[in-house]
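Letter by letter, the chains look like this.
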Amino acid sequence: MPRIEFVDVEVTVPIEDGDLEILRRTSLVLSEHRIGVIGANGSGKSTLARLINSLVEPTRGTVAVDGLSTSRDAAAVRRRVGFVFTDPAAQLVMPTVVEDVQLSLRRSHSRRSERQRAALAVLDRYGLAALAHRSVHTLSGGQRQLLAMAGVLATDPAILVADEPTTLLDLGNTRMIGDLLFSLPQQLILLTHDLDLARRCDRVLVVADGRVVFDGDAGPAVESYIRSVEGIPVQDPA
């Protein structure tokens, strides 16, 4: 598995009367296959995830992916780390399904005919081949999220960061996307409010107030988060 390392990482943003801490000093090594990240909205978990592929830069400290600095080697890191957003509309930019996947393949397939063949193969792999020439605007929510994931996975990243990918989906599509995520060979960093999905992870981080307040096995981590929501203080066994 890839190795993601945070060393004394902080993220702050300037505000009128000083600096606002978005992520407090954090040191982590992430090397498990499937890692869940849970916490309330505004807790800092999305900032933590976006540090992994340079969507956010650390104010202090360093983040590295297999030894590559997310600051100095940002382009190389982004080739290794795919990112799926909550709303697929943030990623689907081309008119048709096949054209959207082709866009992801423009660096690896310079000839248009080869790029289209490769895109159709990707769509077939994820059960979207019949929709290849449909407008992306006619797809259901589940189909749009699946297409967004297919476009990211077409580049064969070593790591997939999925930021609440099932939040906008119904139960059936949540199960479909969840099953796909947990079938992937890639290292998965899954931000989710779905505690059933979190329980399927090998390791779970609980984030609150810009800090990782619990880091451990999925079951105890989820239970600690539930207790915190109910007003019972969280205690990290580490």
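All values derive from a computational prediction rather than experimental measurement. (Residues numbered from 1 in each chain as written. Predicted model: local features only at pLDDT ≥ 70, side-chain atom pairs only at ≥ 80, totals over all residues. Heavy atoms only, no water.)

Draft legend 1. Summary view of the side chain of Asp100. With respect to the secondary-structure elements, Asp100 resides in helix α3 (residues 97–104). No salt bridge is formed by the buried Asp100; the nearest opposite charge belongs to Arg106, separated by 9.1 Å. Excluding anything up to four places from it in sequence, Asp100 contacts Gln91, Leu92, Val93 and Met94. (Helix = DSSP H or I, 4+ residues; strand = E, 2+ residues; numbered from the N terminus. Buried < 20%, exposed > 50% of the residue type's maximum accessible area, 1.4 Å probe, protein only. Lys, Arg positive; Asp, Glu negative; His and termini not counted. Salt bridge = Lys/Arg side-chain N within 4 Å of Asp/Glu carboxyl O. Contact = heavy atoms within 4.5 Å.)

Draft legend 2. Quick peek at the packing of aromatic side chains. This structure, assessed with the given rule, holds one aromatic pair. A centroid spacing of 4.8 Å and a plane angle of 45° characterise the contact between Phe83 and Phe85, whose relative ring orientation is tilted. For Phe85, a relative accessible area of 21% gives the class partly exposed. (Phe/Tyr/Trp six-rings, centres within 6.5 Å; stacked < 30°, edge-to-face > 60°.)

Draft legend 3. Inspection of the pairing of strand β10 (residues 211–216) at higher detail. Where strand β9 (residues 203–208) and β10 come together, five bridges link them in antiparallel fashion. Along β10, the bridge assignment pairs Val207 with Val212. Between β9 and β10, which pair antiparallel one after the other, the connecting turn spans two residues, and Asp209 there sits at a positive phi close to 55°. (Pairing = 2+ DSSP bridges.)

Draft legend 4. Structural context of helix α6 (residues 171–181). All of the buried residues along α6 are Asn173, Thr174, Ile177, Gly178, Leu180 and Leu181. Each buried residue of α6 lies within a common arc of 160° when the element is viewed along its axis, so the set occupies one face. What points out from α6, more than 90 degrees from its buried face, is the exposed set Leu171 and Arg175. Looking at the packing, one finds that the buried side of α6 touches α5 (141–153), β7 (159–163), β8 (187–191) and α7 (195–199). (Arc of directions from axis to C-beta.)

Draft legend 5. Looking closely at the packing of α3 against helix α4 (residues 112–125). Remark: α3 packs on α4, axes separated minimally by 8 Å, with the N-to-C direction vectors making an angle of 110°. On the basis of their axis angle, the class for α3 and α4 is roughly perpendicular. By crossing handedness, the relation of α3 to α4 is classed as right-handed. Where α3 abuts α4, its residues Val97, Val98, Val101 and Gln102 lie against Arg112, Arg115, Gln116, Ala119, Leu120, Val122 and Leu123. Its residues assigned to classes, the contact of α3 with α4 comprises seven nonpolar, two polar and two charged. (Axes fitted to C-alpha atoms, helices over the stretch in contact; angles between N-to-C directions. Parallel < 35°, antiparallel > 145°, perpendicular 65-115°, else oblique. Left-handed = near helix turned anticlockwise from the far one by under 90°. Nonpolar A, V, L, I, M, F, W, Y, C, P; charged D, E, K, R; others polar.)

Draft legend 6. Quick peek at a nonpolar patch on the surface. Together, Val13, Ile15 and Leu20 give the surface a local cluster of nonpolar side chains, amounting to about 220 Å² of exposed area. On the secondary structure map, Leu20 appears in strand β2 (residues 18–30). (Patch = residues over 30% accessible without salt bridge, like charges linked within 9 Å, V, L, I, M, F, W, Y side chains within 5 Å. Areas by Shrake-Rupley, 256 points an atom, 1.4 Å probe, with all protein chains shown as cover.)

Draft legend 7. Here's a closer look at the sheet that holds strand β1 (residues 4–15). The strand order β2-β1-β4-β5 describes an open sheet built from four strands, whose pairing is antiparallel. Edge strands, defined here as strands with exactly one partner in the open sheet, are β2 and β5 (68–69). Bridging between β1 and β2 involves nine bridges; their strand directions are antiparallel. Following the sheet pairing, Val9 is matched in β2 by Thr26.

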